[in-house]
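# Structural overview for review
So the chains spell out like this:
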Amino acid sequence: VMRRMSVDCDCAGINAAEPTCADVGILASTDILAIDQASIDLVYNLDDARKKDLIERIASVMGDDVVGQMLRVDTESTSSNMHLRGFISVPTLRRASSVDQFLFVNNRPVRDKLILGAIKGAYQDVMPAGRYPACVIFIEVESMYVDVNVHPTKAEVRFYDNGAVRGLLVSA
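Only a predicted model underlies this, so the values are computations on that prediction, with no experimental measurement involved. (Residues numbered from 1 in each chain as written. Predicted model: local features only at pLDDT ≥ 70, side-chain atom pairs only at ≥ 80, totals over all residues. Heavy atoms only, no water.)

Before going further, it helps to spend a moment on the pattern of salt bridges. Two side chains carrying opposite charge are able to pair once their charged atoms lie near each other. Evaluated as defined, the whole model comprises 2 salt bridges. Note that Glu 140 and Arg 85 form a salt bridge whose closest N and O atoms lie 3.2 Å from each other. In this pair, Glu 140 is assigned in strand E9 (residues 135–141) and Arg 85 in strand E4 (residues 82–89), connecting sequence segments 55 residues apart. Relative accessible area serves as the criterion here: at 29%, Glu 140 is assigned to the partly exposed category. For Arg 85, a relative accessible area of 26% translates into the label partly exposed. Between Arg 95 and Asp 100 there is a salt bridge whose closest N-O contact spans 2.8 Å. For the residue pair Arg 95 and Asp 100, the accessibility class agrees, reading buried in each case. (Salt bridge = Lys/Arg side-chain N within 4 Å of Asp/Glu carboxyl O. Helix = DSSP H or I, 4+ residues; strand = E, 2+ residues; numbered from the N terminus. Buried < 20%, exposed > 50% of the residue type's maximum accessible area, 1.4 Å probe, protein only.)

Residues that lie three or four places apart on an α-helix share one face, since the helix turns once every 3.6 residues. Considered for burial, the residues of helix H5 (residues 113–123) that qualify are Ile 115, Ala 118, Ile 119, Gly 121 and Tyr 123. Sitting at the amino-terminal end of H5 is Asp 112, which places a side-chain oxygen 3.1 Å from the backbone nitrogen of Leu 114. (Polar contact = N/O pair within 3.5 Å; in protein donor to acceptor, adjacent residues only side chain to side chain.)

Take a look at the structure:
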């Protein structure tokens, strides 16, 4: 079975005849489970997404109801040459998993234990255990201060100054 789907990634689902990101996620999940019997060819059109600002793209991915519960963060550390920007949720917006935590280092998507731990630490006094805030965090750091070659898929990074990264995240 070959499935070809063209997806317009405004993901708003305005036209019910057009697939949304959620539809693609469900389709991809079911086809991935049946990978020995199916293959997928997805074509993304990101032109509309490029025209939107970050909070509009967050609404496309997490839902419109999340937008009013997100706080903008934008801070930098001159001593460690790092800049952190993005959005984090208010403590009352909680998830049962970390599925709505999107992390980027130098615009590369990552799943980093240090960053996730710092986010968890920042919320420890205001969020019950086993609950996770929603966030979209971009960390920009000079390439000489971060190693992206610690994981074959480059999904993990190693910072040369973990304390500075953690401090920047918790203070934001």
